[in-house]
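Descriptive analysis of the structure
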Amino acid sequence: LLAAAPTPVAAAGFAAAASPSRFELEAKPGEVLSRTLELHHVGTEGSEYVIRSADWRLTEERGLEFFDALQAGSCRPWLRLERRTVRLEPRIKRRLRFEVHVPADAPVGECRLAILVENYDQRTIPLIKDSPIQLPLTGRLGVIVYVAVGGAQPRLSLLEVGLGEENGERVPMVSVRNDGNAHGRLEGALKGVDADGKTVYFPVSTLPVLPGQSRRLPLLPAEDLTTKKKPQFRYPVTLSGRLDWEHGGFDVQV
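The next subject is the state of the cysteines. Here a disulfide denotes one covalent bond, and it connects the sulfur atoms of two cysteines. The tally for this structure, following the rule as stated, stands at 1 disulfide. Here Cys75 engages in a disulfide with Cys111; their sulfurs sit 2.0 Å apart. Around the S-S axis, the bridge from Cys75 to Cys111 shows a dihedral of about 75° and counts as right-handed. In this pair, Cys75 is assigned in the loop between β6 (64–67) and β7 (79–81) and Cys111 in strand β10 (residues 109–126), connecting sequence segments 36 residues apart. Overall, Cys111 belongs to the buried group, its relative accessible area being 2%.

It is worth spelling out the nonpolar core at this point. Formed by 30 residues in total, the largest nonpolar core has its most connected members in Leu39 and Val147. For this core, the leading source of residues is strand β11 (residues 134–149), giving 5 residues. Residues in contact with Leu39, not counting those within four places in the same chain, are Ala17, Ala18, Ile51, Val86, Leu88, Ile92, Lys93, Arg94, Leu96 and Val117.

Turning next to unusual backbone geometry. Here the residue pair Ser19 and Pro20 is connected by a cis peptide bond, since its omega of -5° sits within 30 degrees of zero. Along the chain, Pro20 falls in the loop between β2 (14–19) and β3 (22–27). Look at the link from Tyr235 to Pro236: it is a cis peptide, with omega at 5°. Summarising the element assignment, Pro236 is placed in the loop between β16 (214–218) and β17 (238–245).

Right, let's get into the sheet that holds strand β12 (residues 156–166). Spatially, 3 strands are ordered β12-β13-β16 in an open sheet, and the strand pairing comes out antiparallel. If you trace the sheet from one side to the other, it starts and ends with β12 and β16, each paired once. Along the sheet, successive strands turn relative to each other by an average axial angle of 30°, direction set aside. Relative to β16, strand β13 (residues 169–178) is paired through 5 bridges, and the arrangement is antiparallel. Its bridge partner being in β16, Ser175 is matched across the sheet by Arg216.

Within the open sheet, the 4 strands sit side by side as β15-β14-β17-β18. Their pairing is antiparallel. Edge strands, defined here as strands with exactly one partner in the open sheet, are β15 (199–203) and β18 (248–253). Neighbouring strand axes in the sheet, compared pairwise and without regard to direction, differ in orientation by 10° on average. As paired elements, strand β14 (residues 189–193) and β15 share 5 bridges and run antiparallel to each other. Its bridge partner being in β15, Leu190 is matched across the sheet by Phe202.

So, how was this worked out
Residues numbered from 1 in each chain as written. Predicted model: local features only at pLDDT ≥ 70, side-chain atom pairs only at ≥ 80, totals over all residues. Heavy atoms only, no water. Disulfide = S-S within 2.5 Å. Helix = DSSP H or I, 4+ residues; strand = E, 2+ residues; numbered from the N terminus. Buried < 20%, exposed > 50% of the residue type's maximum accessible area, 1.4 Å probe, protein only. Core = buried A, V, L, I, M, F, W, Y, C linked by side-chain atoms within 4.5 Å. Contact = heavy atoms within 4.5 Å. Pairing = 2+ DSSP bridges. Axes fitted to C-alpha atoms, helices over the stretch in contact; angles between N-to-C directions.

Have a look at this one:
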């Protein structure tokens, strides 16, 4: 099990949560950054956790894949962790300090790494029901760290607004490309008017778009504030409004 969100991850024997869920930092070559990660345990019994780093990538399915081995261009050697293990007790918060030592000759660009919080339960579960093959129970929480070095910035361009599929449903999508040297994110929501004149708002996904990457981001309809339910609407839908990113935005009318 893995996660990269502020909510706790619950596997048997794993009940850790971390705040913040990610760090987005800036640094100059030769600078040392010091930050603190707050950990707490939401289980009823204390547990030992291992703290380590990993490289990662964002898959086309918008999941995270972690790598133990150093990847090409990895900046993990810049990371210094205060400790490698920590015991978390119920309702007790612990602070984990870490530093990022940016080399003096670091090129302009973005350092990306993950701080992993893991534990290894002594219990096992069968591979399938009644199987003699037993698998260990493990849990993992991933906190993503971005460091923009030397003024690195994203440069996003809007390629297309159209329809795509998300969780088996047809929804609006925006295609974005990043030609900068740091990750970027879209923010905001488009106003939609459906075939019956009904108004529905479509917030854009805030998933990161990494340098050199093109990505389709879904515009999922926001729940009705009155009913707290997913709104029903009928195509065609007219979308209008503005989607912003760190250094600009895109006006949409489609």
